[in-house]
Amino acid sequence: MQSLRLTLMNERELEQQALVKAKHRYHTTVSRYRENSQETETAVGRLALSSLSPFVEAELSKWKVKAVRQAGRGHAAFPLIDAASTQKTALLISRAVLDTLTTAKSITSLHMTIGKALADESLLELYRAANPPMYDYIRRNIYADRGDQRKLNYLFQAMRKQMAEVESPWTVEDRVRAGCVGLELFIRATGVVEVQTAYDSRRRRNHSTVVATEAMLDWLHKAHEFREELRPLFTPMVVEPTPWTSATDGGLLLSNLTLIKSEQSHPELTPASAPTLFSAVNRVQSTGWSVNQEVLKVAQHLYENDVAVPGLPSREPIPFPTVPADISTNEEARKSHGAEKARIRAANNKRRNRQLVVARLLQLAEEYCQYPTFYFCQQLDFRGRFYSLGTGLNNQGDDLSRSMLQFNVGKQLTTDEQFRFYRIQGANHYGLTHLSLEDRVQWVEDNITQIFHAGLDPLSHMAFWAEAKSPWQFLAWILDYSAILVDPLTPSHLPCSIDGTNNGCQIWSMVMRDQPTGVATNCTNNEQPQDLYAQVADAVLDTMEEGFFAHEWRKIGIDRSTVKGAVMVIPYSATLTGVSNTIYEWLQKKREDAGINPAWKSDFLGSNFLAQQVWRVLPDLIPAVLEGKAYLQHLVTLAAAEGAGVSWDLPSGFRVENRYMKKTLRKVHTNLGKRYHVSYVQTPTPALSSRRQRQTITANYTHSLDSALLTATVCAAKEVTHFSMVHDSYGCHAADLPAMALAVRQSAAELFNRNLLQELRDGLSKQLPEVCFPQPPQLGTLNPREVLDSRYFFN
């Protein structure tokens, strides 16, 4: 009893510390923005900008009318203030003032800041009007990680090089006049700042500063206090989470946590209405964990000694390239050098961010070494997907984070089948999922000597495990397996998982009963694992017409990895633009890792070309996905025309609502590329957004079905005691993998042995009887029960 009290005290203390850390993290972020005079980059600052800009716009409109009709004080500033639209000018004035809201600024300095913002915007607009295609091209090539001033400098420098230089028509006097009028209008319209004048004894004259009013400062303080409560920092729990007994009761001890991560309440969700859901959530969050201290020691040693391993970034930045000797006379060399510097700068920024993430992870893992058991509280999103609460150290994190965790108790491997699953797990981590199960087992047997020695001395055999697809989880498996090789009775603490094969396409093949898609995604009993990504890559290579871009892509090489990201996003509402973006991201990584340098001028153009080739072959390879997607979008369009959203019930008892309302916001674009949302009505509208309904329905419906499958699997796997669930990756002890594999197949056969689209359509017809919803597409010949015999469905 005394031990329990101490543990509860520890948990309360840890949760309290997490709350304090979260507030400190929020304040640090806000302070950084304030130091750089970027108050409007904070959430509260954006809210102030959104709320106040309309009033400034209204005041500015009245001033313009008066300035045109008659002479008056400050009316000489009219040409610059009228150079942009009233809405845009009001936005720029408001942003300039609000950015310095918490730092008293001299009135002259603020006049110059406002005037410069208006003059820069006007000059950029002149450049855009002079050569729109070139202007748009330059803007698209601004690196997103640059600061505002760096972006602005880049724009002006690039335009002066690529176009005839445009002289700014605005003098310093023009800018000061415009800034003076802008500040006066802002004060008159909002009243949130005021001018204070005091005698400066050092300069022997009066000095005026612009400061926020007491009421505004009080509002800022309260608004930031509210925002910091919305950004909690969750850490693992050292006591078992309180079982969820309703949508609001359960989880952490101190925080007011809800089961569903949503602004809406769910009073209808109870163990009586959704027994399988609550059972699954409580089973998953009762899993005990501990830190894998052997992996932690290796990671700490490599990090402290700055040894670069995948997942552990080097502390040394990538050096900039040597400046070409002819950079002053060779324009091509100058462009190439500048582009390479920009890419390296972006890579170094990513590296620094990754260093912070790794440092926090290692620190948190070190702290939790003192606890033999800890837990991850579970929360659901509005589709029913499971999420483990834990910032940094989390079983749903990246490869390094997951390798740091093991189950708090181990289980011995006692049967040949368990050992077979265990060896397959190691081969999967190495990246051999394209091989047959027998070949994966054989690979482990062929490399048993290396595995054994790497487990005894991982630092001396780093070349072996570091080249794996998931090197840190592979290392964890090696260390675990080596101990079993020394003593077969050693219990395994390692989380081992079975993963779906392109889970989104799997789901749609069974929803539509489409045999070709089912075969391609391993929903049937295939002797060899099918690889949809490789099929798409081969189809692209076979059908791609020759030309400049095709030639460059063939030099780079098109394989499964090239198109994997693009194919994965198709079942989740991806458009051609989304496919192009995934290929672009792959291309940037390829540049960094392999040093490729295509001859095209823009990676955006190269990515878009390949995206079009992928898009063209998809109807022949995954027709079920595209047909189902089109049907869902048609349903929600018809419902939205009646002002109704779409909802459906999952077998777990969880109800999913697909309801996106129109926002009372107008988008204001500035030439620098910032997009501001300026609200004119502060209350949400009752009107449904048909566009967003169409954009989101496929992704939300697909995610809801993968959450339903996970829920059913957890409940069906009665022999399993520990769970590591990551959406379409189901983990448990190796000894329990056969039971987990059987449970997921049985659950999938039951879930998809029903006409889910018909049920969705019938539910909508009851909700909107006056609307004639079309019947769903005709089902194919695939029998969902074939998944029971599939060797590679989840493997």
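Residues numbered from 1 in each chain as written. Predicted model: local features only at pLDDT ≥ 70, side-chain atom pairs only at ≥ 80, totals over all residues. Heavy atoms only, no water.

In this structure, Trp465, Trp472, Val536 and Trp553 are the most contacted members of the largest nonpolar core, which totals 161 residues. Sequence-distant contacts of Trp553, defined by excluding residues within four places in its chain, comprise Ile558, Thr562, Ile583, Trp586, Leu587, Trp600, Gly606, Ser607, Phe609 and Leu610. Formed by 38 residues, the second largest nonpolar core is a distinct cluster that contains Ala48, Trp63, Phe186 and Val193. (Core = buried A, V, L, I, M, F, W, Y, C linked by side-chain atoms within 4.5 Å. Buried < 20%, exposed > 50% of the residue type's maximum accessible area, 1.4 Å probe, protein only. Contact = heavy atoms within 4.5 Å.)

As a further point, take the side chain of Asn394. Take Asn394: it is sitting in the loop between β6 (386-388) and α13 (399-403). Judged by its relative accessible area of 8%, Asn394 is buried. There is a polar contact of 2.6 Å between the side chain of Asn394 and the backbone nitrogen of Gln396. If sequence neighbours within four positions are ignored, Asn394 has contacts with Phe376, Ser388, Leu389, Ser401, Arg402 and Leu405. (Helix = DSSP H or I, 4+ residues; strand = E, 2+ residues; numbered from the N terminus. Polar contact = N/O pair within 3.5 Å; in protein donor to acceptor, adjacent residues only side chain to side chain.)

With that out of the way, let us pick up the pattern of salt bridges. Evaluation of the coordinates by the stated rule reveals 23 salt bridges. Linking Glu59 and Lys62 is a salt bridge whose minimum nitrogen-to-oxygen distance equals 3.6 Å. One end of the pair, Glu59, and the other, Lys62, are both in helix α2 (residues 43-69), three residues apart, so they sit about a helical turn from each other. The partner of Glu546 in a salt bridge is Arg554, and the shortest N-O contact between them spans 3.1 Å. Relative accessible area serves as the criterion here: at 59%, Glu546 is assigned to the exposed category. A single salt-bridge network, built from bridges that share partners, covers Glu59, Lys62, Glu184 and Arg188. (Salt bridge = Lys/Arg side-chain N within 4 Å of Asp/Glu carboxyl O.)

Another aspect to go through is unusual backbone geometry. You will see that Asp306, though not glycine, has its phi angle at about 55°, which is positive. Topologically, Asp306 is positioned in the loop between α11 (293-304) and α12 (331-368). The residue Asn502 is not glycine, and still its phi comes out positive at about 45°. Mapping Asn502 onto the fold places it in the loop between β8 (495-499) and α19 (503-511).

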